[in-house]
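# Survey of secondary and tertiary structure
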Amino acid sequence: MEDATDRIARPWGARVPYGRHETWPARVDTFLAEGVEPEAVQRWVQSASILHSDGDAMDIAVADGRMVGVRGRDVDRVNRGRLGPKDLFGWQANASRDRLTRPLVRRDGQLVETDWDTAMDLVAARSRELLDSRGPGSIGFYTSGQLFLEEYYTLAVLARAGIGTNHLDGNTRLCTSTAAEALKESFGCDGQPGSYDDFDHADVIALFGHNIAETQPVQWMRLLDRLEGADPPRLLCVDPRPTRVAEHAAVHLAPRSGTNVALLNALLHETIRHERIDRDFIDAHTVGFGELAARVADCTPKWAAEICDVPAARIEEAAELVGTAEALVSTVLQGVYQSHQATAAAVQVNNLHLIRGMLGRPGAGLLQMNGQPTAQNTRECGANGDLPGFRNWQNDAHVADLARVWNVEPETIPHFAPPTHAMQIFRYAEQGSLRMLWISGTNPAVSMPELPRIRSILSQERLFTVVQDLYLTETARLADVVLPAATWGEKTGALTNADRTVHLSRKAVEPPGEARPDLDIFLDYARRMDFRDKDGGPLIPWDGPESAFEAWKRCSAGRPCDYTGLSYAKLRDTSGIQWPCDDRAPEGTARLYTDGFGWAHPDVCESYGKDLETGASQEVVEYRSLNPDGRAMLKAAAYLPPHEEPDEEYPFQLTTGRTLYHFHTRTKTGRAPQLNDAAPDVWVEVSAGDAERLGLGEGDLVEVTSRRGSLRGRLRVTGIRTGLLFVPFHYGYWDTAGGSGPGPDTPGRAANETTVTDWDPASKQPLFKTAAAALTLVERGGGRPSPAPTTTASAPVTAGAAPPTSGGPAARTTEREPTEFPHGREEGAR
Ligand SMILES: Nc1nc2c(c(=O)[nH]1)N[C@H]1C(S)=C(S)[C@@H](COP(=O)(O)OP(=O)(O)OC[C@H]3O[C@@H](n4cnc5c(=O)[nH]c(N)nc54)[C@H](O)[C@@H]3O)O[C@H]1N2
Ligand SMILES: Nc1nc2c(c(=O)[nH]1)N[C@H]1C(S)=C(S)[C@@H](COP(=O)(O)OP(=O)(O)OC[C@H]3O[C@@H](n4cnc5c(=O)[nH]c(N)nc54)[C@H](O)[C@@H]3O)O[C@H]1N2
Ligand SMILES: [Mo]
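Everything quoted here is computed from the prediction, not taken from an experiment. (Residues numbered from 1 in each chain as written. Chains lettered and ligands numbered in written order. Predicted model: local features only at pLDDT ≥ 70, side-chain atom pairs only at ≥ 80, totals over all residues. Heavy atoms only, no water.)

### A look at the packing of helix α4 (residues 177-187) against helix α15 (residues 342-355)
Running from amino to carboxyl end, α4 crosses α15 at an angle of 50 degrees, the nearest separation of the two axes being 9 Å. Between α4 and α15, the crossing angle belongs to the class labelled oblique. α4 and α15 meet at a crossing whose hand is right-handed. Facing T178, E181, A182, L183, E185, S186 and F187 of α4, the residues of α15 in contact are A342, T343, A346, V347, N350 and L354. Within the contact of α4 with α15, the residues separate by chemical class into seven nonpolar, four polar and two charged. (Axes fitted to C-alpha atoms, helices over the stretch in contact; angles between N-to-C directions. Helix = DSSP H or I, 4+ residues; strand = E, 2+ residues; numbered from the N terminus. Parallel < 35°, antiparallel > 145°, perpendicular 65-115°, else oblique. Left-handed = near helix turned anticlockwise from the far one by under 90°. Contact = heavy atoms within 4.5 Å. Nonpolar A, V, L, I, M, F, W, Y, C, P; charged D, E, K, R; others polar.)

In structure tokens:
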């Protein structure tokens with residue numbers, strides 16, 4: 001293995017090939033700040049990544065009370081010591097000089113510094129006033145997929161039982177609400193069936209709308225290592241862009257955006273037609289096969305080819321690949337989730353696995369992926385639109401059980417309607433029934449669709465907005481109160497990744513100034529509000545992360561996400577354990593559904609399901625008659641065209657998404673020099689054919705306009721499908737690197753200036769992947785290339801059209817075999 005690699009230029013590092021059914025060999029990636037020698041590190045503090053959903057385990061290097069680097073944990077089965085570029089360099093943002101260090105309140109239109117007492121008293125006073133005058137429905141909370149489990153659980157209790165509001169959701173609504181919904185629709189309950197270890201055993205891996213190379217780079221390293229080893233897997237990539245995944249795929253389908261259901265129905269059609277199905281599994285474990293078979297009977301590859309604009313022969317090849325796989329792993333992410341038929345499409349992937357019996361054994365795995373690092377916790381703790389512990393809001397016994405855990409009356413917990421989803425919370429704020437919105441760990445003024453609308457909602461006089469963040473973000477600038485939060489590395493908590501692996505992330509350094517952990521802020525608020533249980537005791541008796549974790553364990557007991565077998569000590573001594581972890585499975589559980597689908601039973605299921613076309617919730621009677629014994633449900637769906645199709649005025653399809661080097665609205669990655677320099681500004685991707693037709697070239701400044709708004713960026717000509725534009729959504733109007741920005745009134749560069757307020761009917765996840773747009777030239781590039789990276793799906797179609805992306809000496813990372821680098825598990829060990 002080589003010693004030092006520029007991990008901006010070579011993001012996935014060196015290969016360590018391994019064969020099928022072997023254990024992925026470890027490789028320890030270490031990055032230390034310039035001038036810091038390994039001997040200077042005084043402590044290594046256990047943690048895991050919070051810049052994607054993999055939970056890559058790492059230790060934070062500390063010297064003189066400061067973070068000075070990071071190192072992957074080789075003992076952890078998730079990443080086996082490896083780290084991606086964001087994790088290697090992103091931690092530097094913690095020490096950025098523009099961190100918020102004191103609370104701010106708005107006085108005479110300006111945000112001014114104040115002390116914690118003043119700020120929190122103001123928040124509590126406004127809450128009480130609103131509770132008295134307008135009731136609990138006037139208060140809402142919009143949280144994150146990036147805090148810790150203990151924080152979400154505390155927030156869920158204080159919002160649902162303390163305030164008594166139904167308006168609590170996370171930005172997970174924009175992210176993985178479809179993952180949750182698709183799992184509920186098929187299996188009755190949230191909970192990832194598969195495990196990352198399935199990648200070691202699969203012979204076919206199918207990725208649907210998932211650019212794993214850029215968004216979960218360490219699992220991509222795993223796939224690359226397998227591709228170079230014995231008996232490599234064959235990949236199916238369904239993505240309209242030339243991602244690295246597409247490059248390595250045996251079959252790449254680049255469909256028109258928004259046509260996933262048509263494509264999947266054709267794959268199901270072929271699977272059934274060729275009898276590549278597992279009859280015994282279908283008979284023993286599922287309901288609905290007849291309806292599914294009837295629904296896809298006419299969905300031939302030829303039919304889908306028309307809709308998706310991919311050759312029918314390619315669809316047949318794809319069908320053969322997934323239909324003849326011995327051990328199939330499928331992953332699904334935003335190319336499916338952020339579209340108008342999100343749940344319907346994601347469910348068809350579940351159906352493919354169910355009719356082929358591809359679940360519950362090594363290599364036969366399904367990953368309805370998460371995106372954010374702690375999205376799973378948002379969902380299981382009930383800070384998403386769910387009740388804690390995957391309890392069913394329509395099941396009175398579940399509500400009563402939750403009331404028992406919290407020692408409140410069942411009526412205290414709102415369950416008259418489904419918990420309000422984020423898009424609806426913003427609608428209530430727009431309409432004026434919601435008067436206070438507390439936003440924690442998310443930046444909706446960049447990440448929500450249709451930003452002109454979001455800005456106008458958040459700047460209303462009548463809406464009292466609290467923003468809890470690390471920086472003065474685009475959203476914080478619109479707030480009435482800004483609370484400075486401590487973050488990863490500055491606080492302790494647990495987090496659960498996309499394959500149910502729970503890690504502990506420990507405090508390594510002190511937060512800057514007066515910044516406080518989110519947990520402390522929520523607890524402080526609960527104290528000021530004096531929330532009580534039914535016996536007059538404190539509603540929230542815990543006072544720190546570990547006691548909050550213990551409280552959560554009691555809430556999770558007996559539910560699918562059972563944490564009762566875990567503890568901080570156990571998580572410290574091991575490195576990542578998959579829930580459920582209880583008496584019966586003290587070491588955790590690699591795969592769900594190894595033995596039937598018990599959580600789909602009507603008495604225990606999290607949801608009675610929804611109509612995939614309208615989103616209407618089904619009643620228990622319907623569910624009982626459909627699925628009396630608790631089996632997996634095969635739910636069919638007809639293809640429906642995208643809501644906004646290109647026309648003369650807006651001739652392009654527009655899709656948005658991510659690049660390898662940045663995380664979301666870049667509050668962290670924009671403050672890490674190596675990452676910022678790798679992709680410093682927005683760009684617009686167009687196909688070579690379209691560029692030629694319009695007489696446009698690399699680096700031209702263009703404007704992308706939709707019915708909602710417009711943005712400007714420099715053009716990158718790539719191998720993207722004809723008729724489609726891609727814009728990364730990372731760039732808000734505030735320039736994180738320079739600390740200043742163009743402001744909201746100058747021509748925008750945020751993708752969401754152009755996106756639409758519209759969502760999937762079942763999951764309520766907004767549509768970021770399909771819109772119609774026009775493309776016009778603003779100014780010639782004059783030889784200046786676009787700032788898009790060359791190492792990714794954004795690579796120019798003409799080699800040499802832009803200088804290769806590199807990080808130079810500042811990005812040098814060591815990659816070592818673990819034996820050369822004795823790994824300390826305990827804090828303080830070298
Ligand atoms: N580098 C990086 N990694 C991240 C993040 C980040 O911001 N940066 N964020 C994390 C989070 S929260 C998330 S949710 C994940 C998201 O991870 P991904 O879902 O992998 O990322 P996206 O770029 O949003 O979308 C994936 C792909 O969908 C394709 N696509 C667009 N339209 C369609 C369509 O109609 N059908 C199909 N099949 N594909 C389509 C796009 O071309 C794109 O390549 O990444 C996580 N990891
Ligand atoms: N056009 C388009 N829009 C999209 C998407 C897309 O693909 N296209 N993807 C959507 C998806 S999947 C997602 S997940 C969202 C992400 O959207 P956001 O969640 O809005 O994006 P982030 O930049 O991650 O915002 C997190 C905020 O929390 C702050 N923060 C970080 N750590 C902490 C902490 O410990 N405590 C507190 N209090 N604050 C913290 C950060 O500084 C940052 O301001 O964007 C969505 N929007
Ligand atoms: Mo996400």
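Let's pick the thread back up.
### Points about the packing of helix α12 (residues 301-308) against helix α13 (residues 312-324)
The geometry of α12 relative to α13 is characterised by a closest axis approach of 8 Å and an angle of 120 degrees between their N-to-C directions. Overall, the two elements α12 and α13 adopt an arrangement that is oblique. Regarding α12 and α13, the two cross each other, and that crossing is right-handed. Touching P301, K302, A304 and A305 of α12 are A312, I315 and E316, all from α13. Classifying every residue of the contact of α12 with α13 by side-chain character gives five nonpolar, no polar and two charged.

### Thoughts on the layout of surface pockets
The volume enclosed by the largest pocket comes to roughly 760 Å³. Of all elements in the fold, only β2 (28-32), β5 (66-72) and β30 (812-816) reach the threshold of two or more residues within the lining of the largest pocket. With four residues, β30 is the largest single contributor of residues to the lining of the largest pocket. (1 Å grid on protein atoms, 1.4 Å probe; cavity = no way out; pocket = protein on both sides within 12 Å on 5 of 7 lines; lining within 4 Å. Points joined across faces, edges and corners; volume = space filled by probe spheres on them.)

### A few points about the pairing of β5
Taken across its seven residues, β5 has six buried, putting it largely inside the fold. With three bridges connecting them, β2 and β5 associate as antiparallel partners. In the sheet register, T30 faces β5, and the bridge partner there is R71. Note: strand β4 (residues 57-63) against β5, six bridges, orientation antiparallel. Looking across to β5, one finds that M58 is bridged to G72. (Buried < 20%, exposed > 50% of the residue type's maximum accessible area, 1.4 Å probe, protein only. Pairing = 2+ DSSP bridges.)

### As for the packing of aromatic side chains
All chains considered together, the criterion is met by 20 aromatic pairs. Three or more aromatic residues link up through ring pairs in this structure, and these residues are Y153, W542, F549, W552, Y563 and Y568. Cation over ring: R241 sits above F726, and NZ or CZ is 3.5 Å from the ring centre. One cation-aromatic arrangement involves R671 over Y471; the distance from NZ or CZ to the ring centre is 3.7 Å. (Phe/Tyr/Trp six-rings, centres within 6.5 Å; stacked < 30°, edge-to-face > 60°. Lys NZ or Arg CZ within 6 Å of the ring centre and 35° of its normal.)

### Looking at the site of ligand 2
Around ligand 2 there are 34 residues in total, and Q146, N171, S447, D469 and T665 lie nearest to it. The contact in question runs from an oxygen atom of ligand 2 to an N or O atom on the side chain of Q338, over 3.1 Å. Separating an oxygen atom of ligand 2 from a side-chain N or O atom of T665 is a distance of 2.5 Å. Protein contact buries 99% of the 910 Å² of open area that ligand 2 shows by itself. Those elements that place two or more of their residues in the shell around ligand 2 are β17 (464-469), β18 (481-486) and β24 (652-657). (Near = heavy atom within 4 Å. Polar contact = N/O pair within 3.5 Å; in protein donor to acceptor, adjacent residues only side chain to side chain. Areas by Shrake-Rupley, 256 points an atom, 1.4 Å probe, with all protein chains shown as cover.)

### Considering unusual backbone geometry
Across the chain, the bulk of peptide bonds are trans and the bulk of non-glycine residues have phi less than zero. A cis amide bond, omega -5 degrees, links W579 with the succeeding residue P580. Its location among the elements puts P580 in the loop between β22 (577-578) and α24 (620-626). Here R500, not a glycine, exhibits a phi torsion of approximately 70 degrees, which is positive. Considering the arrangement of structural elements, one finds R500 in the loop between β19 (493-496) and β20 (501-505). The class of R500 is buried, set by a relative accessible area of 0%. If you check the backbone angles, D530 has positive phi at about 55 degrees while not being a glycine. With respect to the helices and strands, D530 occurs in the loop between α21 (518-529) and α22 (545-556). Overall, D530 belongs to the partly exposed group, its relative accessible area being 44%.

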